[in-house]
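Structure assessment
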Amino acid sequence: MKIKIRNLSYDKVATLPERKHHRPVNPNPILKQLILLLSKGELKNVGFECEKHGMERLEKGEPCLVLMNHSSFIDLKIVETIMKDHPLNIICTSDGLVGKEWLMRQVGCIPTNKFVTDVQMVKDMVYALHTLKSSVLMYPEASYSFDGTATPIPDSLGKCVKLLKVPVIMIRTHGAFLRDPLYNNLQVRDVKVTADVTYLFSKEEIEHHSAKQIQEKLRECFSFDYFKEQQEQNIRIKEPFRADYLNRVLYKCASCKKEGHMHGEGTTITCRVCGDKHELTETGFLKNLSGNNTFTHIPDWYDWQRKEVRAGLQDGTYSLDVDVDIYVLKDLKCIYKVGDGHLHHGSSGFYLEGCGGKLQYEQKPKASYSLYADYYWYEIGDMICIGNMKCLYYCFPKDQSLDVVAKTRIATEELYKMKNNF
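Described in the following lines is the structure provided in the data block. For every chain, the first residue of its written sequence is number 1, and the numbers climb from 1 along that sequence. In keeping with the model being predicted, local features are shown solely for residues with a pLDDT of at least 70 and side-chain atom pairs are shown and tallied solely at 80 or more, while totals for entire chains, interfaces and linings include all residues. As a rule here, side-chain values cover all heavy atoms of the structure and leave hydrogens and water aside.

Brief notes about the sheet that holds strand 10 (residues 268-271)
Two strands form a pair only when DSSP identifies at least two bridges running between them. Counting from the N terminus, the helices are the DSSP runs of H or I reaching at least four residues and the strands are the DSSP runs of E reaching at least two. Sheet architecture is open: four strands sit in the order 9-10-11-12, paired in antiparallel fashion. Because the sheet does not close on itself, it has two edges, and the strands there are strand 9 (262-265) and strand 12 (286-288). Taking each pair of neighbouring strands and ignoring which way they run, the sheet shows an average axis angle of 25 degrees. Judged from the three bridges that link them, strand 11 (residues 277-280) and strand 12 form a sheet pairing that is antiparallel. In the sheet register, L280 faces strand 12, and the bridge partner there is L286. Lines fitted to C-alpha atoms define the axes, with helix axes restricted to the stretch in contact, and inter-axis angles between N-to-C directions lie between 0 and 180 degrees.

If you want it as structure tokens, here you go:
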């Protein structure tokens, strides 16, 4: 999938009018049927099945909030199929509407900027649920998992559920991540995909539970480890490219601790400095081929990297300094390529400068609990995005071999926790 891009100077982009707000509309039933038809073939190929738990409690035609974990592109096809008898508005990233705004709004999309405080989005959800009588789909994680475990959900989600005053259901997928993990450059594997659909809260239960209690329940629901699930269920992934680009996730050698020198290709990941080599087995384990006693589980390695980043933040040694190509989202007509610059991230947050000094943007650590960061974004490259509701800055490291995306997202999350004493 690609995105519409236009080269335009930063001066001209800065003068473009701000994006106008549009209220959500009921999804077009003809488009909904088309989506269902287009989804049928892929879901059949993956042997899709779903198991429902307590869904008889949801009354016919009753609007609800649908919360779903975010694993891969197949997610939307799954939820549209499960909710085929319900009109469904979808909270989605604003860049998903670029170049096709009218169509995406007719599908039912409600755009928002990821990891940015958006009061209007909540108002749009209320409008969709209580005026349009449509259900609303939200991916609380907002971003795909890097390592097969849950990404953070916003601390305000429990309060949002209380405010919306509608039943809450959850869709939890199995196999979707293993079939198409983000790091693997859109190379799809042969894996069965299923889902559990669970009625979590009724309106009455929401009224009688505190926001904190609801938040705790949601955190529990959004806790998983897909590599562990693969191992326990002996799911075999035989594709010879399963470790391609795994260095995007495991960017730091567990043996020599050098960063940016890992290389994932075929079925192995290797450190180009010390030569330490691991095989990603068919059942999702890491097997050290160099005789060293290191990690056997990808999420454990990723968690060790998180601890290393936090230690670097605490002792002041963490810093990101990278030259970047800069793209800007100002409206939904296209993404504007405005030039290049330099991105810094440290204990004071982000600082982006570029376009001959005309662009200067600062973002404090408390601005967001996580970071919009992606691999092979719209087939352009690995990307870090910062900004606010008025403008987003998509930063693509000029040296794509640096593998800084995962580390920067980890650092953003840990810095937020530290600044808020978590």
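Quick look at the nonpolar core
For our purposes a nonpolar core is just a set of buried Ala, Val, Leu, Ile, Met, Phe, Trp, Tyr and Cys residues, chained together by side-chain atoms within 4.5 Å. For every residue, the accessible area obtained with a 1.4 Å probe (protein chains only) is divided by the maximum for its type, and the residue is called buried under 20%, exposed over 50%, and partly exposed between those limits. Counting 61 residues, the largest nonpolar core has L343, L352 and Y393 as its most contacted members. With six residues, the single largest contributor to this core is helix 11 (residues 298-315). What makes two residues a contact is simply this: any of their non-hydrogen atoms within 4.5 Å. Discounting chain neighbours no more than four positions away, the residues touching Y393 are Y10, Y327, V328, L352, L359, Y361, I384, C385, I386 and G387. Counting residues in hydrophobic clusters, the runner-up holds 50 residues, among them I74, I90, V107 and M383.

Description of the side chain of T268
Here T268 lies in strand 10. Not counting residues within four places of it along the chain, the set of residues in contact with T268 comprises A243, H263, K277, H278, E279 and L289.

Points about the layout of surface pockets
A cavity here means a set of points on a 1 Å grid, drawn over the protein atoms and nothing else, where a 1.4 Å probe fits but cannot get out; a pocket is an open set with protein on both sides within 12 Å along at least five of seven lines, and a residue lines either one if it has an atom within 4 Å of a point. Grid points are joined across faces, edges and corners, and a volume is the space filled by probe spheres set on the points. The computed volume of the second largest pocket comes to approximately 530 Å³. Forming the walls of the second largest pocket are 20 residues, and the residues nearest its centre are A150, T151, P152, I153 and K417. The set of elements that each furnish at least two residues to the lining of the second largest pocket consists of helix 11 and helix 12 (405-419).

Focus: the state of the cysteines
Two cysteine sulfur atoms form a disulfide, by the criterion used here, when they sit within 2.5 Å. Taken as a whole and judged by the stated rule, the model has zero disulfides. Between C221, a free cysteine, and C64, which holds the nearest cysteine sulfur, the sulfur-to-sulfur gap is 15 Å.

Topic: the sheet that holds strand 3 (residues 65-68)
If you walk across this open sheet you meet the seven strands as 2-8-7-3-6-4-5, and the pairing is mixed. The sheet is open, and its two edges are formed by strand 2 (49-53) and strand 5 (109-112), each paired on a single side. Neighbour-to-neighbour, the strand axes of the sheet open up by a mean angle of 25 degrees, direction not taken into account. Relative to strand 8 (residues 194-201), strand 7 (residues 168-174) runs antiparallel, the two sharing seven bridges. When the sheet's bridge partners are listed, V168 is paired in strand 8 with F201.

Brief notes about the side chain of Q305
Relative to the elements of secondary structure, Q305 occurs in helix 11. For Q305, a relative accessible area of 0% corresponds to the buried category.

Describing the pattern of salt bridges
The term salt bridge refers to a side-chain nitrogen of Lys or Arg lying within 4 Å of a carboxyl oxygen of Asp or Glu. For the structure shown, the criterion picks out 23 salt bridges. Here R172 and E229 are joined by a salt bridge, their closest N and O atoms 3.8 Å apart. Note that R172 is positioned in strand 7 and E229 in helix 10 (residues 226-232), a separation of 57 residues in sequence. If you follow the salt bridges from partner to partner, you end up with R306, R310, E413, E414 and K417 in one network.

Any functional reading would require information beyond the geometric quantities listed.
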